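Given next are the chains, with one letter for each unit.
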Amino acid sequence: MAARTRGQIVAQQLLDDITSGVFEQGSKLPPERELMTRYGVGRNSLREAVQSLVATGVLDVRAGAGTTVQKIDGSSAITQGFTAAMLQDAAVGELLELRVLLEVDAAARAAERAEEAELQEIRAALAAYQDAVRRDEDLYARDVAFHRSIAAAAHNRLYLSVVDTTAQLLERFMRAAHHTPTDVRAAAQEHALIAHHILLGDSESAAAAMRAHLASSNERRNRREETAPPAPDSFPARS
């Protein structure tokens, strides 16, 4: 099994405590120092864990109010399942399978269902991504935003929920997939082709373009993994 950082392991332990009722819904988490003692970690690892659960809606942090465990409804239960998977580095492969299942269909549905305002959002998201590529700026949040605009245009709330819930892991995957200027330019061209077919209302071609993009992204990630050194400051996951 792939190695996990201390923050990821603590996040899983904290999530387990939340789902088992140790920390009840609507309650505030204990002070930071108490949690550090409970999980046997330093401040940085604990904060990484908390932020990962904040990003997926399990926790809420407000200035002056502390950290609160969010109320769990049906949607939150789905979120927690994704959250648990996101804490495992091995979940990247599972996310890729999920993306193929959902995003290919989302692209087709967007081509069929998108209204003009949503088409404008896709155009704007693509332009922002391409601008970041030209300026050699950090583009991964813009990459996620482009995919999110397509999910929104598909008029399926579950698609959008999956994209939002997995955004953190998705961004990490994208960073691994695009490690050369050539890779970045290739991804930009793939995005443009997807948007082109959606804007034309060509659902079959939009789906094919998305499927090809996801396959190419996976190939780029695999090349990166073959040449990357082991990640520092991590230790094997519990079996």
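Residues numbered from 1 in each chain as written. Predicted model: local features only at pLDDT ≥ 70, side-chain atom pairs only at ≥ 80, totals over all residues. Heavy atoms only, no water.

Brief notes about the nonpolar core
When a protein is soluble and globular, its nonpolar side chains tend to lie buried together. Defined as follows: Here, nonpolar core means buried Ala, Val, Leu, Ile, Met, Phe, Trp, Tyr and Cys residues that are tied together by side-chain atoms lying within 4.5 Å of each other. Burial here depends on accessible area, computed with a 1.4 Å probe over protein chains only, as a share of the maximum for the residue type. Under 20% is buried, over 50% is exposed, and the range in between is partly exposed. Where helices and strands are cited, they refer to DSSP runs of H or I of at least four residues and of E of at least two residues respectively, numbered from the N terminus. Any two residues whose heavy atoms approach within 4.5 Å are treated as being in contact.
Among the nonpolar cores identified, the biggest contains 21 residues, and A107, I122, F146, I150, I194, I198 and M210 are the most heavily contacted of them. Contributions of two or more residues to this core are made by α5 (91–113), α6 (116–135), α7 (140–153), α10 (181–200) and α11 (203–227). Once you skip the residues sitting within four places of it in the chain, A107 turns out to touch I150, I198, A206, A207 and M210. By size, the runner-up hydrophobic cluster in this structure holds 18 residues, among which are L14, I18, L53 and V69.

Points about unusual backbone geometry
The backbone phi angle of D136 is positive, close to 55°, even though this residue is not glycine. Mapped onto the secondary structure, D136 falls in the loop between α6 and α7. Positioned with a positive phi, H155 is a non-glycine residue whose angle comes to about 60°. Considering the arrangement of structural elements, one finds H155 in the loop between α7 and α8 (157–165).

Some remarks on the confidence of the model for the protein
Selection rule: You can read pLDDT as the predictor saying how much it trusts each residue, on a scale of 0 to 100.
For the protein, mean pLDDT is 81; residues scoring 70 or higher make up 77% of the total. Under a pLDDT of 50 for its full length, residues 229–239 has, in the predicted model, 19 contacts with residues more than four places off or in other chains.

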